[in-house]
Amino acid sequence: MNLKPLANRVFLEPIEEETTTKSGIVIPETVDKERPQKGRVLAVGPGRFNEKGERIPLSVREGDVVLFKKYGPDEIEIDKKKYLVADEDDILAVIEE
Amino acid sequence: MNLKPLANRVFLEPIEEETTTKSGIVIPETVDKERPQKGRVLAVGPGRFNEKGERIPLSVREGDVVLFKKYGPDEIEIDKKKYLVADEDDILAVIEE
Amino acid sequence: MNLKPLANRVFLEPIEEETTTKSGIVIPETVDKERPQKGRVLAVGPGRFNEKGERIPLSVREGDVVLFKKYGPDEIEIDKKKYLVADEDDILAVIEE
Amino acid sequence: MNLKPLANRVFLEPIEEETTTKSGIVIPETVDKERPQKGRVLAVGPGRFNEKGERIPLSVREGDVVLFKKYGPDEIEIDKKKYLVADEDDILAVIEE
Amino acid sequence: MNLKPLANRVFLEPIEEETTTKSGIVIPETVDKERPQKGRVLAVGPGRFNEKGERIPLSVREGDVVLFKKYGPDEIEIDKKKYLVADEDDILAVIEE
Amino acid sequence: MNLKPLANRVFLEPIEEETTTKSGIVIPETVDKERPQKGRVLAVGPGRFNEKGERIPLSVREGDVVLFKKYGPDEIEIDKKKYLVADEDDILAVIEE
Amino acid sequence: MNLKPLANRVFLEPIEEETTTKSGIVIPETVDKERPQKGRVLAVGPGRFNEKGERIPLSVREGDVVLFKKYGPDEIEIDKKKYLVADEDDILAVIEE
């Protein structure tokens, strides 16, 4: 399946934070525990039009790991898998690891 | 009947997701079960006017399969059949299958 | 009486949907049953001004049969008859029959 | 008293609808019965400024009989008489009789 | 004390309407009875800036008697005396007596 | 400590009104009694950017005594002292004494 | 970890105010006691686009100590540490010490 977002939409795959206990055991946070704020960009739109009729290109690219507003993106289910759809304004920062 | 949407309106035919059980039986979701988020574009408007008096053409075309905001489009009944009418802003992405 | 709407106003005469029973009897829907979403355009305004001081002409004309938002237009009573007054934004599509 | 409205303000004198019974007796509606939607224009402002610093002239003139939004105009009492003050946007149409 | 309003602010001294009884006795309305809608302009600001960086001059001048929106202006107390501060948009008309 | 406000922010030191009794005793109003509407400008920002990318300079200067909207400015505590931070829009007038 | 904020976003590390008792003992305020209004800038975005398609650069820089609106910035947790993410509009002033 090939997904082409419109305008300034960004499709994201949520990244679950892992919790490491003192004894070193890694406990992945469940999706239920807390809404994620971190995700990997799967696809981006071509940007909105400005008043001159030109596209404003997005500042994030496919593959970027980003932080986003906790309650900004909407959840969408495609083929039984959950994704997040954000407006570019919901993206706070790109993490370069 | 020939339908010509105005401005940035998009008429959609909802596509119901099918649910396949483990044993392979396909159970189509009923319309009542959950509002659809997927549809086929039946007709699109010529676009809104920008400040220069030019139409901003839509990014979706007749026949496109699209994902849209769950509570974005309005329902409208024409000749006893239910359709969805969306603003272009309600369309999240085009699915190319 | 001659009615000249202002700006982007559209005066509409509601069209009541008819219900045909299986035995072929036509039962017109009463106005009380449900708000109409279909109407005939009686008169249109000259359009709003854009930022350059020019009128933006309307996309519907007198005589057009149109679909509109259920709760968009206001009701107005002139000489004991009910009409609907819509902004052009309330009009979803023109039906060409 | 000479009244000069500012910007896009329109001063209106409400016109009460008359009710004619079957026997031909004319019963004027009281102001209490229902808010009027019809009025005579008493005075209009010079129009708002657009972004270029020019006045946008109003589309109604002194003496026009107009239809307006039921709850659009504000009531104002001058010398013990009630008037309505509308923004031009509250005016729906001019009636030419 | 010299007061210089900013932007599109208008300082007003409320004018209380007088009530004349049938026998000719004049009863001034108390401020408590009803909020005034009439006032004398004490001072006006130089106007807001438009997008070109120019001031939009106000349409009322010091000394004008004006009608204003009942709940538009704010009350302010200076040296134990009550004044009203309005945005120019709160002023409905100038009364020329 | 040197404080540099951003954009159109104005830092203010509230001025408490004094109450003089008939016998001449001056009773300063406590801060609790009523929110102040008068203050001295401590520092002003360089102004917001307009659409052309130029700063719109503020109309108040350090040292000005100003009247402001009662509930406009926010309170901020710096080094155990309370200040008010206003947007320029919250300032109603400059008092020249 | 390298963090690149988007648009006009500012990442902040909250600075806790210290309370010094009369006897000279310094008691740092706990985070629970009151939301901070002071912070150190960790990273800033490249600025929003204006209508001409140019970035509006931010007025704060990495390392600046700033005052901000109490309830403006959002909290975000990265690697078990709490940060604040503000829009530039939430920043009130830069403190030069």
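Residues numbered from 1 in each chain as written. Chains lettered and ligands numbered in written order. Predicted model: local features only at pLDDT ≥ 70, side-chain atom pairs only at ≥ 80, totals over all residues. Heavy atoms only, no water.

## Regarding the environment of phenylalanine 68 of chain G
Residues and elements named next belong to chain G. You can see phenylalanine 68 is positioned in strand 6 (residues 65-68). Judged by relative accessible area, phenylalanine 68 falls into the buried class, the value being 1%. In this structure, phenylalanine 68 is in contact with Leu12, Pro36, Gln37, Lys38, Gly39, Pro73, Leu84, Asp90, Ile91 and Leu92, ignoring residues within four places of it in sequence. (Helix = DSSP H or I, 4+ residues; strand = E, 2+ residues; numbered from the N terminus. Buried < 20%, exposed > 50% of the residue type's maximum accessible area, 1.4 Å probe, protein only. Contact = heavy atoms within 4.5 Å.)

## A short note on the packing of aromatic side chains
Each aromatic ring pair is summarised here by two numbers: the centre-to-centre distance and the angle between the ring planes. Applying the stated criterion across every chain yields a total of 0 aromatic pairs over all chains. Arginine 55 of chain E extends its terminal NZ or CZ atom over the ring of phenylalanine 49 of chain E, reaching a point 4.0 Å from the ring centre. (Phe/Tyr/Trp six-rings, centres within 6.5 Å; stacked < 30°, edge-to-face > 60°. Lys NZ or Arg CZ within 6 Å of the ring centre and 35° of its normal.)

## Quick look at a positive patch on the surface
On the surface, Lys52 of chain A, Lys52 of chain B, Lys52 of chain C, Lys52 of chain D, Lys52 of chain E, Lys52 of chain F together with Lys52 of chain G cluster together into a patch of positive charge. For lysine 52 of chain D, the position within the fold is in the loop between strand 5 (38-44) and strand 6 (65-68). Judged by relative accessible area, which is 42%, lysine 52 of chain D ranks as partly exposed. (Patch = residues over 30% accessible without salt bridge, like charges linked within 9 Å, V, L, I, M, F, W, Y side chains within 5 Å. Areas by Shrake-Rupley, 256 points an atom, 1.4 Å probe, with all protein chains shown as cover. Salt bridge = Lys/Arg side-chain N within 4 Å of Asp/Glu carboxyl O. Lys, Arg positive; Asp, Glu negative; His and termini not counted. Charge placed at Lys NZ, Arg CZ, Asp CG, Glu CD.)

## A word on the confidence of the model for chain A
Residues and elements named next belong to chain A. Averaged over every residue, the pLDDT of chain A is 85; the share at 70 or more is 80%. The least confident element of chain A, judged by mean pLDDT, is strand 4 (residues 26-28) at 53; the most confident is strand 5 (residues 38-44) at 97. Between residues 29-33, whose pLDDT stays under 50, and residues either more than four places distant or in other chains, the model counts 7 contacts. (pLDDT = per-residue confidence, 0-100.)

## Quick look at the interface of chain A and chain B
A common way to state how big an interface is: give the accessible area lost once the parts meet. In this complex, chain A contributes 19 residues to the contact, which on the side of chain B involves 19 residues. Carbon and sulfur atoms make up 53% of the area that chain A and chain B hide from each other, which totals about 1600 Å². Applying the counting rule to chain A against chain B returns 1 salt bridge. For the interface between chain A and chain B, the tally reads 6 residue pairs in polar contact (both at pLDDT 80 or more). Classifying every residue of the side of chain A that touches chain B gives 9 nonpolar, 1 polar and 9 charged. Relative to strand 9 (residues 91-96) of chain B, strand 1 (residues 2-5) of chain A is paired through 4 bridges, and the arrangement is antiparallel. Looking at the pairing, proline 5 of chain A lines up with alanine 93 of chain B of strand 9 of chain B. (Buried area = accessible area lost by both parts, 1.4 Å probe. Polar contact = N/O pair within 3.5 Å; in protein donor to acceptor, adjacent residues only side chain to side chain. Nonpolar A, V, L, I, M, F, W, Y, C, P; charged D, E, K, R; others polar. Pairing = 2+ DSSP bridges.)

## Remarks on the pairing of strand 9 (residues 91-96) of chain F
Residue and element names in this part refer to chain F. Among the 6 residues of strand 9, 5 are classified as buried, and the element is accordingly described as predominantly covered. As paired strands, strand 6 (residues 65-68) and strand 9 are joined by 4 bridges and run antiparallel to one another. Within strand 9, the residue paired with phenylalanine 68 across the bridge is isoleucine 91.

## Quick look at the side chain of asparagine 8 of chain A
Within the fold, asparagine 8 of chain A resides in the loop between strand 1 and strand 2 (9-14). In this structure asparagine 8 of chain A touches Gly47, Arg48, Leu58, Ala86, Asp87 and Glu88 of chain A, once residues within four positions along its chain are discounted.

## Topic: the sheet that holds strand 6 of chain D
Each strand in a sheet pairs with another by means of backbone hydrogen bonds, the pair being arranged parallel or else antiparallel. Spatially, 1(C)-9(D)-6(D)-5(D)-2(D)-8(D)-7(D) is the arrangement adopted by the 7 strands of the open sheet, whose pairing is antiparallel. Sheet topology places strand 1 (2-5) of chain C together with strand 7 (74-78) of chain D at the edges, where each strand pairs with a single neighbour. Strand-to-strand, the axes of this sheet are offset by a mean angle of 40°, without reference to chain direction. The sheet contact formed by strand 2 (residues 9-14) of chain D and strand 5 of chain D spans 5 bridges and is antiparallel. Residue pairing for strand 5 of chain D: glutamate 13 of chain D is matched across the bridge by arginine 40 of chain D. (Axes fitted to C-alpha atoms, helices over the stretch in contact; angles between N-to-C directions.)

## Thoughts on unusual backbone geometry
Both trends apply: most residues other than glycine have a negative phi, and most peptide bonds are in trans. You will see that aspartate 79 of chain A, though not glycine, has its phi angle at about 50°, which is positive. Among the structural elements, aspartate 79 of chain A can be located in the loop between strand 7 (74-78) and strand 8 (81-87). Look at alanine 7 of chain E: it is not a glycine, yet its phi comes out positive at around 50°.

## Observations concerning a negative patch on the surface
On the surface, a cluster of negative charge is contributed by Glu51 of chain A, Glu51 of chain B, Glu51 of chain C, Glu51 of chain D, Glu51 of chain E, Glu51 of chain F together with Glu51 of chain G. By the element assignment, glutamate 51 of chain C lies in the loop between strand 5 (38-44) and strand 6 (65-68). With relative accessibility at 41%, the residue glutamate 51 of chain C sits in the partly exposed group.

## Comments concerning the pattern of salt bridges
Residue and element names in this part refer to chain B. In total, this model carries 21 salt bridges over all chains according to the counting rule given. Among the salt bridges present, the one from glutamate 13 reaches lysine 81, with a minimum N-O distance of 3.4 Å. A residue pair is termed long-range when its members are at least 10 positions apart, and glutamate 13 in strand 2 (residues 9-14) and lysine 81 in strand 8 (residues 81-87) qualify at 68 residues. Given the relative accessible area of 28%, glutamate 13 is considered partly exposed.

## A word on the interface of chain E and chain D
Between chain E and chain D, the contact holds 19 residues from the first and 19 residues from the second. In total, about 1600 Å² of surface goes out of reach between chain E and chain D, with carbon and sulfur atoms giving 53% of it. The largest share of the area that chain E buries against chain D comes from Leu67, Leu92 and Glu96 of chain E, three residues that together contribute 32% of it. The tally of links between chain E and chain D comes to 1 salt bridge. Here lysine 4 of chain D makes a salt bridge to glutamate 96 of chain E, at a shortest N to O gap of 3.6 Å. Connecting chain E to chain D are 6 residue pairs in polar contact (both at pLDDT 80 or more). For the side of chain E that touches chain D, the secondary structure elements donating two or more residues are strand 3 (18-20) and strand 9 (91-96) of chain E.

## Points about the relation of the copies chain E and chain D
Put simply, the two copies of the chain differ by a rotation about an axis and a shift along that axis. You can overlay chain E on chain D at an RMSD of 0.0 Å; the transform is a turn of 51° with a shift of 0.0 Å along its axis. Interface residue correspondence from chain E to chain D reaches only 11%, placing this contact among heterologous pairings that use different surfaces. (Least-squares fit on C-alpha atoms with pLDDT ≥ 70 in both.)

## Remarks on the sheet that holds strand 7 (residues 74-78) of chain G
The strand order 1(F)-9(G)-6(G)-5(G)-2(G)-8(G)-7(G) describes an open sheet built from 7 strands, whose pairing is antiparallel. In this open sheet, the two strands that pair with only one neighbour each are strand 1 (2-5) of chain F together with strand 7 of chain G. Going across the sheet, the axis of each strand differs from the next one's by a mean of 40°, ignoring polarity.

## Topic: the side chain of arginine 9 of chain B
Residue position: arginine 9 of chain B is located in strand 2. One polar contact links arginine 9 of chain B to aspartate 87 of chain B, side chain to side chain, over a distance of 2.9 Å. Here the side chain of arginine 9 of chain B touches isoleucine 91 of chain C through a polar contact of 3.1 Å, landing on its backbone oxygen. Beyond its immediate chain neighbours, meaning those up to four positions away, arginine 9 of chain B contacts Ala43, Val44, Gly45, Leu58, Val85, Ala86 and Asp87 of chain B together with Lys69, Asp89, Ile91 and Leu92 of chain C.

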